[in-house]
Amino acid sequence: MKIAVVGAGAVGGWYGGLLARKGHEVYFVTRRDYDFINQNGLRMRDGKGETVVQIKKAYPDCNSIGVCDLIIIAAKSTANVTLPSFVQSLVGPETILLTLQNGMGNCECFRSI
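Colleague: I tried to follow the environment of Lys76 on my own but got confused; where do I start?
Modeller: Secondary-structure assignment places Lys76 in the loop between β6 (70-73) and α3 (83-87). Accessibility expressed as a relative area gives 69% for Lys76, which makes it exposed. In this structure the C-alpha to C-alpha distance between Lys76 and Ile37, which are 39 residues apart in sequence, comes to 20 Å.

Right, dumping it as structure tokens:
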């Protein structure tokens, strides 16, 4: 499954990392850490220890990824005003959108895409 995680911080990084460990094609979209993630992978820690997970690639925007099967929105909900247009290039007719955000009205924000 081709997956884009928009907002690869604590929540997005964790779920994206788990999906990458299971063999999915995972792309991260993150404003700051994309170079670091591309060079070093994603370090994940749990009760069993620490592991480094390699994702497909990290980007500062969505334009180079293409249509995905699943988009996980894990960015702060304060960005929802601009996120629908930001993720538009990831959306195809069969794309599933999952929002992992705090707050109300998140789903309604993405109805336009």
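From this point, things continue past the structure.
Colleague: Teacher, can you tell me more about helix α1 (residues 10-21) here?
Modeller: Spanning twelve residues, α1 covers 16 Å between terminal C-alpha atoms, matching the ideal 16 Å at 1.5 Å per step. Listed in full, the buried residues belonging to α1 are Gly12, Gly13, Gly16, Gly17 and Ala20. Along α1, the residues classed as buried sweep out an arc of 125° about the axis, all on the same side. Those residues of α1 that are buried lie in contact with β1 (2-6), β2 (25-29), β3 (42-46) and β4 (49-53).

Colleague: Would you take a moment to explain the pattern of salt bridges for this structure?
Modeller: A side chain of one charge can pair with a side chain of the opposite charge if their charged atoms are brought near each other. In the structure shown here, the tally under the stated rule is two salt bridges. A salt bridge links Glu50 to Arg43, with the nearest nitrogen and oxygen atoms 2.6 Å apart. A salt bridge links Glu50 to Arg45; the nearest nitrogen and oxygen atoms lie 2.6 Å apart.

Colleague: I would appreciate a short explanation of the packing of aromatic side chains in the present structure.
Modeller: Here the distance between the centres and the angle between the planes together describe a pair of aromatic rings. One pass over the full model with this rule turns up one aromatic pair. Ring geometry for Tyr27 against Tyr59: centres 6.4 Å apart, planes inclined by 25°, an arrangement best described as stacked. You can see Tyr27 sitting in strand β2 and its partner Tyr59 sitting in strand β5 (residues 57-59), a full 32 residues away along the chain. Note on Tyr59: relative accessible area 17%, which makes it buried.

Conventions and cut-offs
- Residues numbered from 1 in each chain as written.
- Predicted model: local features only at pLDDT ≥ 70, side-chain atom pairs only at ≥ 80, totals over all residues.
- Heavy atoms only, no water.
- Helix = DSSP H or I, 4+ residues; strand = E, 2+ residues; numbered from the N terminus.
- Buried < 20%, exposed > 50% of the residue type's maximum accessible area, 1.4 Å probe, protein only.
- Expected span 1.5 Å × (residues − 1).
- Arc of directions from axis to C-beta.
- Contact = heavy atoms within 4.5 Å.
- Salt bridge = Lys/Arg side-chain N within 4 Å of Asp/Glu carboxyl O.
- Phe/Tyr/Trp six-rings, centres within 6.5 Å; stacked < 30°, edge-to-face > 60°.

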